[in-house]
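Each chain is listed here by its residues.
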Amino acid sequence: IQLAMYDRLIVKDWSKFIEKITILFQNVQREVHEGKNADYIPELSTVDPELFSVSICTVDGQQFDIGDTDAEFSIQSASKPMLYSLALERYGPKYVHEYVGMEPSGAAFNSFTLNSENKPHNACINAGAIVVCGLMYPELSVAERFKKLNTEFSAFLGGEKAGFNQSVYLSEKDTAHRNKALSYFMASNGAFPKNVDIDETLDFYLQMCSIEVNSNQLAKVAATYANYGVCPTTGSTILSYDTVRRTAQLLFNCGMYDYSGRWANSTGLPAKSGVSGCLYIVVPGVLGMAVYSPRLASHGNTVRGIEFAHRAAETFGWNIF
Ligand code: DON
């Protein structure tokens, strides 16, 4: 309120802004119908492909939601940057990067590739996120580990407790052959610290992917990064500037998998997608935005999400360059 009184809000004309966002939303809803739900996790293939929502949270905490904003979805890979940030905060970049690289892999999110040091290329591909899961909370039991992660995630979500989608989790677990093979392939290459239980680690990773959120909550995650580590709606400092900077690098270079280069080239913003059809973008110092629409392109990114985020970035000049 104080910021508004003194006309210091980051978005000066809020009603004009949400009017433009609404028009963009309606245009994308009318024009974009390509892509299909992820089907390698059976539970995701049954979700209504028409669901579509957009949420925005500015660095001063102004919020706007449009579309199917009640729809909840499993967070999937959109959890990976938070996991990486939490690992950096807890164990420091030196230790974390003994186990995971910081380069784009140029390969699909679930590919079997390690870099020349036998580490996963980065913390955004499945291999990297599974290894980072193996670093987390070694002193805790499996039950406490999940509880801890869930609590730490909720600080990014404006202090709201995230849900958990049990059917997605069981469906993932049932069909996790590739992730399992990947985990053991990495274990055979010495990618995990000693004494890490591979099955427990994979299970922890699958649980993390099954955490359930809505677009409003995911916009707050993006807004926390945009606001340099302070959640705009609660005012609590969640991450150090150093962690935000490193995570933004990861988002910029690796957040959209093997589409990351094209995304950086066309839109130029840190972003992260998940196979449930979610996507968030970070506009540093300005706002965070989340889009949810389950239909995906071949690289695993939501088609409407990409189109909407791209059009919004063009309309408002958000490209960081
Ligand atoms: O491990 C998997 O394959 C999924 N639980 C997460 C992958 C994902 O979201 C990739 N996103 N585009």
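Everything that follows concerns the structure shown earlier in this document.
Below: a short report on this structure. On a predicted model such as this, the values are computed, not experimentally measured, just so you know.

1. Quick notes on the overall build of the chain
In terms of helices and strands, the chain carries 13 helices and eight strands. A compact globule built from 321 residues should have a C-alpha radius of gyration of about 20 Å, and the chain, at 18 Å, falls within 12% of that. Based on the C-alpha atoms only, the size of the chain along its principal axes is roughly 55 × 40 × 35 Å. Counting across all 321 residues of the chain, residues that qualify as buried make up 50%. Long-range pairs, those at least 24 residues apart, make up 69% of the contacts in the chain between residues at least 6 apart in sequence.

2. Focus on the packing of helix α4 (residues 80–96) against helix α11 (residues 241–254)
Packing of α4 against α11 leaves a shortest axis separation of 10 Å and a crossing angle of 140 degrees. Taken together, the axes of α4 and α11 lie oblique to each other. Handedness of the crossing formed by α4 with α11: right-handed. Packed against α4, whose contacting residues are Pro81, Tyr84, Ser85, Leu88, Glu89 and Pro93, the element α11 presents Thr243, Arg246, Thr247, Leu250 and Leu251 at the interface. Residue composition of the contact of α4 with α11, grouped by class: six nonpolar, three polar and two charged.

3. Some thoughts on the sheet that holds strand β8 (residues 287–292)
Read from one edge of the open sheet, five strands run β2-β1-β8-β7-β6, paired in antiparallel fashion. Single-partner strands in this sheet number two, and they are β2 (63–67) and β6 (271–274). When the angles between neighbouring strand axes are averaged without regard to direction, this sheet yields 10 degrees. Here strand β1 (residues 53–58) pairs with β8 via six bridges, running antiparallel. If you follow valine 54 over to β8, its bridge partner there is valine 291. Strands in contact with helix α10 (residues 215–226) are β1, β2, β7 (278–283) and β8; relative to β8, the strand with the most contacts, it is inclined by about 150 degrees.

4. Details of unusual backbone geometry
The phi dihedral of asparagine 195 is positive, around 70 degrees, even though this residue is not glycine. Looking at where asparagine 195 falls in the secondary structure, it is placed in the loop between α8 (177–188) and α9 (198–209). For asparagine 195, a count of 7 C-beta atoms within 10 Å translates into the label exposed. Even without being a glycine, tyrosine 228 presents a positive backbone phi close to 55 degrees. Here tyrosine 228 is to be found in the loop between α10 and α11.

5. Let's talk about the nonpolar core
Counting residues in hydrophobic clusters, the biggest one holds 95 residues, and the most contacted among them are Val132, Ala222, Tyr280, Met289, Ala290 and Ala309. Excluding residues that lie within four positions of it along the chain, methionine 289 makes contacts with Val54, Ile56, Ala219, Ala222, Tyr280, Ile281, Ala309 and Ala312.

6. Some thoughts on the site of the ligand
The full set close to the ligand counts 13 residues, and Gln76, Ser77, Cys209, Val275 and Gly300 are the nearest of them. When grouped by side-chain class, the residues that make up the shell around the ligand number four nonpolar, eight polar and one charged.

7. Examining the sheet that holds strand β3 (residues 73–74)
Spatially, three strands are ordered β3-β5-β4 in an open sheet, and the strand pairing comes out antiparallel. Edge positions in the sheet fall to β3 and β4 (163–164), since each has one partner strand and no second. Looking at chain direction, β3 and strand β5 (residues 211–213) are connected through two bridges and run antiparallel. Each bridged residue has a counterpart across the sheet, and for serine 74 the counterpart in β5 is glutamate 212.

8. Concerning the pairing of β1
For β1, the buried fraction is high: six of the six residues fall into the buried class. Side-chain alternation along β1 places Ser53, Ser55 and Cys57 on one buried face and Val54, Ile56 and Thr58 on a second face that is also buried. Here β1 folds back onto β2, and the loop between the two strands holds four residues, one of which, glycine 61, carries a positive phi near 85 degrees.

Rules used throughout
Residue indices begin from 1 for each chain and proceed along its sequence in written order. Where local features are concerned, this predicted model is filtered to residues with pLDDT of at least 70; where side-chain atom pairs are given and counted, the filter is 80 or more; whole-chain, interface and lining totals use all residues. Numbering goes from the N terminus for both helices and strands, where a helix is a DSSP run of H or I of at least four residues and a strand is a run of E of at least two. Radius of gyration means the value over C-alpha atoms here, while the globule rule gives 2.2 Å times the residue count to the 0.38 power. Here a residue counts as buried when 20 or more other C-beta atoms sit within 10 Å of its C-beta, as exposed when there are 12 or fewer, and as partly exposed otherwise, the C-beta atoms being derived from the backbone. Note on contacts: each residue gets a C-beta atom placed from the backbone, and two residues are in contact if those atoms are within 7 Å. Helix axes are fitted only over the stretch in contact, all axes being lines through C-alpha atoms; the angle between N-to-C directions runs from 0 to 180 degrees. Any angle that is under 35 degrees is reported as roughly parallel, and any over 145 degrees as roughly antiparallel; angles of 65 to 115 degrees are reported as roughly perpendicular and all others as oblique. Less than a right angle of anticlockwise turn of the near helix away from the far helix marks a crossing as left-handed, whereas a clockwise turn marks it as right-handed. Lys, Arg, Asp and Glu make up the charged group, whereas Ala, Val, Leu, Ile, Met, Phe, Trp, Tyr, Cys and Pro make up the nonpolar group; the residues left over, Gly among them, are polar. Strands are labelled as partners when DSSP assigns at least two bridges between them. To form a nonpolar core, buried Ala, Val, Leu, Ile, Met, Phe, Trp, Tyr and Cys residues must be joined through C-beta atoms within 7 Å. Nearness here has a simple definition: the residue's C-beta atom, placed using the backbone, must lie within 6 Å of the molecule or strand.

Geometric values such as these leave the question of function open.
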